[in-house]
Each structure stands twice: as structure tokens, then as C-alpha cells.
Amino acid sequence: MDPLSESGMRTPHNGAVVQRRSKTRSYRQSYRSCLGTASRLGVTPALTARRLNASRRAAKPQNLADKVNPEHLALLVKAEWQLSYVTPLYQFRHTQLRSYSRQLAAFIVAEKQQGLAVEVSELHNSYRVSLSVVQGLTESEDDAETVLIQIHSKPMFARQDEPQRSVWSGWLTCVHGSPEYLRSLPKDFTCLPLFGSRGPEYLSRVVKSWFQKTFDCCFGSLEINHTSLQWFAALWTDCHSQSHIQHLRMLWTIPAAPPLQITYTVDPQDAWDLWNSVRKEATAAVTEDAASIDLEEVTGFLQALKSHFYRHFRLDLSAGTLQQVSTALGSAKSSGRIKMSNSRHVIATLTLLTECALLRMPI
Amino acid sequence: MYDTSKLLLQRLVRRIPTQMLKATLDKWGRLTVEQRQAMDFTQSKWALTQKLLSVCEENKLTLTHLAELEMIHAMENPNQGMWYTFQLLEPENDAQSVELTQFKQQFKCHLSELLRQMSVKIKKHTDEAVWIRIALGSSFSKPNHLKPTYVVHYLQTPYVFVRNLTSKLKPLLSQALTLATRHQGVKEANLSGRNLTSIRDLLMRQYQQVFPTKYHSPPEEEDQPVLNQHIEKEQGGVAAHRRHMAHQAFGDGMLPQLQSAVYMLDTKFRDPNNRTMTEREETFKCVVKFSSINLLESLRSCASSGIASAPVTPLLSSIPLKGRNYFVVTDNTPGPSSQGHQTQN
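Residues numbered from 1 in each chain as written. Chains lettered and ligands numbered in written order. Predicted model: local features only at pLDDT ≥ 70, side-chain atom pairs only at ≥ 80, totals over all residues. Heavy atoms only, no water.

Per an unreviewed UniProt entry, chain B carries the name Centromere protein N and comes from Oryzias sinensis.

Chain A is annotated in an unreviewed UniProt entry as Centromere protein L from Oryzias sinensis. In the Sequence similarities (unreviewed entry) part of its UniProt record, chain A is described as follows: "Belongs to the CENP-L/IML3 family." (UniProt positions renumbered as here; feature names shortened; annotations may be inferred.)

Here it is in C-alpha cells:
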């Protein structure tokens with residue numbers, strides 16, 4: 001199973017067919033086999049599939065204002081993004097962004113004329129696309145730089161001097177991706193596994209299909225699973241001492257008839273005290289790496305919250321599903337929507353999401 | 001003035017579904033026979049509005065007449081908007097004998113003493129409820145008919161239901177109500193919901209209740225075939241017991257529709273595994289909100305399926321028992337406290 005050889009022959013843009021007849025040694029390892037048990041029989045990824053990292057560093061708030069363009073940062077924190085995972089992009093060059101912008105704009109217009117991307121209420125006749133690099137979000141050398149995509153347009157019957165408004169934005173990023181995996185990728189592949197988009201659905205579809213055609217990649221929806229939501233609850237609560245979280249709100253749905261929704265909002269100081277008490281007990285023995293948080297602590301924290309609930313209502317929240325976690329620092333929904341409200345914690349959130357995306361990718 | 005009438009009429013026509021419009025207009029009775037016959041209800045709402053505007057001009061109808069029309073529609077469709085419940089306290093000796101004319105007169109009299117610019121309409125509904133529509137103005141402006149407050153009271157009961165109450169009207173309304181109904185005070189009853197009929201049924205226990213009995217009633221006919229004899233033998237008794245406890249806590253059959261229940265928890269965190277938190281002096285504060293399209297049904301099904309352990313905790317069973325859906329829970333009171341809270345306006 002070597003999809004690379006096929007993809008080498010399919011990318012039309014450079015003309016030259018790159019032979020990817022892989023030598024026995026240089027199989028690109030699947031992400032799972034990088035991390036999981038070294039299984040030479042590992043053709044069934046499911047067996048070697050690893051969970052998310054069982055421990056991660058505590059999020060340090062970073063003042064991104066001096067590292068990242070403030071306009072870009074403002075764009076990132078103001079909206080709620082719909083997430084997808086992306087497989088590595090073939091022959092994506094950060095230097096050719098202007099050419100890509102023009103190609104994408106032309107592609108959108110072509111799709112509209114074919115009638116594939118039509119939205120009845122919005123009649124736009126010209127699109128201006130801009131792809132730009134957002135520097136400063138990534139720290140490690142293995143991460144590719146984040147790319148921001150914006151589509152501006154003017155409604156058909158607008159006046160001449162009316163400026164174009166942004167109708168769609170998206171970004172591709174990789175923050176603290178697993179170095180082993182990133183280094184195992186062949187040279188021509190750029191890994192930007194996390195894609196966030198905001199705007200009309202038809203434009204998202206067009207952008208994705210352009211990327212798929214141009215860089216031979218695959219997009220898929222990224223749902224935030226239960227464990228990741230628990231991580232968000234813990235990580236955001238952990239930040240309370242640096243940035244006031246205002247509340248810790250969790251939304252559970254219970255499968256009753258009709259379905260029951262439970263919103264459990266905890267006072268921030270109490271959540272912080274509870275979190276500390278869970279951490280102190282779990283890491284009583286190991287004090288050297290106080291900055292790292294274990295999955296056990298996270299599940300212990302959630303379990304404590306659930307048991308407090310049970311003591312009053314005798315209703316076990318584990319019977320339901322956790323759908324949403326939100327604090328003043330952001331909100332994460334299990335449907336794959338994320339909002340990062342505080343610029344100082346953007347990197348921590350993106351790190352967790354990059355990991356989810358890398359795990360979710362099929363290759 | 002005239003613009004407000006137009007606006008009110010437009011809003012009414014937009015809000016009332018076309019199938020009900022004819023009946024409502026007939027009930028209103030302000031159109032002549034020819035005008036009624038000339039109305040073509042297959043036209044668009046915009047065309048109907050224009051026609052009605054010209055009819056109203058012809059008949060020289062004013063804002064008060066339109067307010068009547070709105071009231072008729074509101075009485076036919078009580079399950080809209082958000083209703084809040086109040087309870088009258090400490091009835092005087094003659095509270096039981098207050099009847100409609102006396103109430104109307106007293107209420108209008110007291111309220112007009114307190115307020116200059118207002119418009120009050122009182123009507124009695126077929127189910128013995130007294131509906132009051134209040135449009136409030138200020139010393140500088142005429143009554144605002146676009147945002148009226150509706151009050152529903154069942155005479156001889158201590159319950160009052162209010163929709164769209166403003167903070168300005170609240171103290172005046174409380175005073176007028178207590179005086180008119182011969183009580184000493186009024187307090188918030190901590191029950192709110194979208195369905196007026198449901199919250200009324202809940203408070204007045206007009207739903208099918210199950211009373212605790214020593215001997216359970218004989219099991220009903222099973223309409224589903226028993227899937228597995230072994231499972232049935234082991235689990236059947238337990239499941240039936242759970243179901244019985246659930247029905248005992250919440251009731252049988254169709255339950256009144258509540259949309260949400262809010263608990264403000266302010267209790268100490270007690271967990272044998274977590275010594276730090278248990279020893280903590282301060283309480284653990286959190287807010288829990290249950291919501292569903294029919295909350296009592298959901299809770300009952302949680303209890304019978306075992307998601308909520310049986311017997312149902314008093315916090316949840318207080319919803320139908322005490323007829324409230326807002327609770328402040330502290331450690332001092334054995335169950336949910338009955339302290340009031342700020343009104344949501």
C-alpha cells in the first residue's frame with residue numbers, strides 16, 4: 001500500500017513526473033507506527049493506534065502580540081472555526097502563495113460558472129483571494145509555517161467605491177506536531193494537518209476541492225472527542241491563575257426520551273482549587289516535572305466534578321456525552337468547532353488540536 | 001398615535017396564523033357583516049394587513065380596540081413567551097369571597113392611583129382565569145401598547161402568572177394585586193416556563209399522579225414480546241420497581257411541559273478520595289441547568305431507565321412536588337431552600 005507512487009504520477013503541475021518507486025528502507029511510516037509499538041507487521045493501523053499523548057506540558061501563556069501580526073491574531077481569536085484534518089500537501093511552496101491566490105480565485109469563479117458553487121442569496125461577481133503566512137505561531141523547526149486564506153468579495157449590486165468585505169477565512173496550521181512523524185515525511189510533502197474555516201459552506205467546499213486537486217491531499221471532518229474535551233477543561237482551568245477563566249461550563253446530553261441537556265457551570269475559583277487538589281494528590285510522589293499534566297489528573301478532575309454532581313442528583317453524567325466545554329479562554333464543541341477567545345492561550349489550544357488532527361488522519 | 005396603531009395591527013396580522021385569523025376577527029366583533037364577508041383569507045398577509053387597515057379607518061377603530069384584538073389572541077394562545085409565577089401570601093379573612101366584579105374594580109382603582117398613564121383591560125376566560133393586560137406609559141409618554149404585560153390570576157387560588165413584566169411595573173403590580181385579592185403580600189414562586197397551561201397544571205396538580213402504595217398495582221399488559229426469558233427473570237423485577245418509583249416521583253401519563261430547571265448549588269465538596277477539598281472551608285459553587293423539550297418526561301425516563309438512581313433524589317422530585325423549577329441549594333437546609341432570587345426581567 002503505497003499511495004505515494006500514485007500521487008507522484010498524478011500531480012500535473014510541474015510536468016516532471018516524480019518517481020516514487022520507494023526503496024525498501026524509505027517507507028514513509030504511518031503516523032501510528034511512528035509512535036506506537038514497532039510492529040513490522042503493522043499493516044493494520046488500528047492495532048498500533050495510539051491514543052492522544054497521556055501527558056503534556058502545562059500551557060504557558062504566551063504573549064503573541066509581538067510575534068504575530070496583530071491583524072492576523074485578531075482574526076484568529078474573534079470567530080468560531082469549523083475544524084478539519086488535512087493529509088500532507090504535496091509540493092506546497094510557501095513562496096508561491098501569490099500564484100496560489102490567483103489560481104484559487106480563478107477556480108472559484110470557474111466553479112460558480114459551472115453551477116457547482118451557487119448560493120442563491122449571495123451574488124458575487126468577483127473574488128479576491130489572499131493567502132498569507134502567519135509567522136510566529138510555530139516554535140519548533142519541524143512545523144511548517146501557518147497559512148492564512150482569506151476570500152474577499154463584493155455583492156453584485158454594490159457601488160463601485162464600496163470596499164470588498166471578507167466573506168470567508170480559513171487557515172492551515174501545524175503547531176508542535178510530532179517531530180518523528182514530520183521528519184519521516186518525504187521532502188516534497190508539507191504537513192499542515194489542521195484546517196479551520198469560517199464562512200459559507202459552499203466556499204469551504206470550493207477551497208477544499210482546490211487544495212485536493214492541487215496538492216493531492218484529503219480533507220476530513222475533525223470531531224473533538226471526549227478525551228480532548230476533557231483535556232481542554234483541564235488545560236483551561238489550569239490557566240486560571242494567569243488569565244481569569246470566569247467560569248468552567250460543560251454541556252452534557254443524556255439519552256433520555258426526550259433527550260436531556262445538562263449545563264454544569266462551575267465557579268472559577270472552586271474549579272481551580274479542585275484542579276490543584278487533584279494535581280497535588282496525583283503528583284505527590286513525582287515533583288521534578290511539575291509542569292507536565294497527566295491524563296490521570298485530567299480524568300480525576302472530571303471524575304471529581306461528576307461525583308459532586310452525583311452526590312446531589314444521583315444522576316451519573318457518564319451515562320451521557322460531553323458535548324461542549326467553554327471558559328472565557330475559548331470554547332470547544334464535539335462537532336469540531338473551536339473558539340479561541342484569548343490570544344495568550346492560542347498556542348496551547350492549537351497544539352492539542354494539531355495532535356488530534358494528526359491522529360485522525362488516515363495515513 | 002396612528003403610526004402605533006398601524007404597527008400594532010401589522011404585528012398582529014403577522015403573528016396570528018391565517019387559519020385562526022378569521023375566528024379571532026369574528027370573536028373581536030368589530031367588523032360589520034359586509035366587511036367580514038369581503039375579507040379574503042387566501043390573500044397574502046401583506047394584502048390582509050392593508051385591507052384591515054382600511055376597515056379600521058372606516059370603522060374609526062382606535063388603539064384600544066386593537067389592544068382588545070391582541071388580548072383575544074393572547075388568551076387563545078397562552079403558550080407563548082415566558083411566564084413567571086408569583087404566589088400571594090397571608091390571605092385575610094375575606095380573601096376567599098373575592099369575586100370578579102369586586103376584583104376588577106379594586107384592581108383598576110388601586111393601579112390607577114399609582115400610575116397615571118396606563119391602559120388596563122380585564123377579561124374573564126372560559127376556564128375561570130382572569131386575564132389582565134397592562135400597557136404602561138410614563139409621565140411623559142402614552143401607554144406603550146407594543147410591549148404589554150399580561151397577568152393571569154385564578155380567583156380563590158394564590159397563584160398569579162405574569163408575562164413580560166418590567167421592573168418598573170413590578171412593585172406597583174404587587175401592591176395592586178395584594179390589595180385587590182385581600183392578601184398581605186406576594187412573593188416569587190420560582191416557577192417559570194413557556195407553557196402557561198403546563199405550569200398551571202403543575203401547580204394545581206392537574207395531572208395524573210401516582211400515590212405511594214404499599215402494594216404495587218398489578219403489572220400492566222406487556223405490549224412488547226419479552227426478548228429474553230433469562231434477562232426478564234433477573235431484571236424484570238428491578239426494572240418494574242424503578243419504573244414505579246419514577247412514576248411515583250413524577251406522575252403518570254402526559255406530564256406538564258416544563259422547559260428547564262435551574263439549581264444554584266452552594267454546598268461543601270465532600271469526597272472521601274479527596275481530602276484537600278473535603279477539608280476546605282469554602283463551599284463549592286456551581287450552577288446546574290437541566291433543559292429539554294419536556295423536562296419532566298426526560299427526568300422520568302432517566303429514573304425508569306436507571307440513569308438516575310432510584311429512589312429519585314428530593315432535589316429532582318421537588319420540581320413536581322413543590323411546583324418550582326428554580327432552586328438554591330445550601331448545606332443548611334435539608335432540601336432545596338425556598339429563598340427567593342432576583343427576577344429575570
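Alright, that's what it looks like, and here's the rest.
Draft legend 1. Representation of the overall build of chain A. Helix and strand counts for chain A stand at eleven helices and 15 strands. Considering chain A as a whole, with its 363 residues, one finds that 52% of them fall into the buried category. Carbon and sulfur atoms form 51% of the exposed surface of chain A, whose accessible area is close to 17,200 Å². (Helix = DSSP H or I, 4+ residues; strand = E, 2+ residues; numbered from the N terminus. Buried < 20%, exposed > 50% of the residue type's maximum accessible area, 1.4 Å probe, protein only. Areas by Shrake-Rupley, 256 points an atom, 1.4 Å probe, with all protein chains shown as cover.)

Draft legend 2. Structural view of the packing of helix H2 (residues 18-28) of chain B against helix H4 (residues 45-59) of chain B. Residues and elements named next belong to chain B. One can describe the packing of H2 onto H4 by two numbers: an axis separation of 13 Å at closest approach and a directional angle of 10 degrees. Taken together, the axes of H2 and H4 lie roughly parallel to each other. Contact residues: H2 offers Thr-18, Leu-21, Leu-25 and Trp-28, while H4 offers Lys-45, Leu-48, Leu-52 and Cys-56. Grouping the constituent residues of the contact of H2 with H4 by class yields six nonpolar, one polar and one charged. (Axes fitted to C-alpha atoms, helices over the stretch in contact; angles between N-to-C directions. Parallel < 35°, antiparallel > 145°, perpendicular 65-115°, else oblique. Contact = heavy atoms within 4.5 Å. Nonpolar A, V, L, I, M, F, W, Y, C, P; charged D, E, K, R; others polar.)

Draft legend 3. View of the nonpolar core. Core analysis: the biggest nonpolar cluster contains 144 residues, and Phe-211 of chain A together with Tyr-263 and Phe-290 of chain B have the highest contact counts within it. Counting residues in hydrophobic clusters, the runner-up holds 26 residues, among them Val-98, Leu-115, Ile-122 and Val-162 of chain B. (Core = buried A, V, L, I, M, F, W, Y, C linked by side-chain atoms within 4.5 Å.)

Draft legend 4. The arrangement of the packing of aromatic side chains in detail. Inspection of every chain in the model, using the stated rule, returns 26 aromatic pairs over all chains. Taking the centre distance of 4.9 Å and the plane angle of 10 degrees together, the rings of Tyr-263 of chain B and Phe-327 of chain B count as stacked. In this pair, Tyr-263 of chain B sits in strand E7 (residues 260-267) while Phe-327 of chain B sits in strand E9 (residues 326-330), placing the two residues 64 residues apart along the sequence. Take Tyr-263 of chain B: its relative accessible area is 0%, and that puts it in the buried class. Members of the aromatic cluster, joined through ring pairs, are Phe-92, Tyr-100, Trp-168, Phe-195, Trp-210, Phe-211, Phe-215 and Phe-219 of chain A. (Phe/Tyr/Trp six-rings, centres within 6.5 Å; stacked < 30°, edge-to-face > 60°.)

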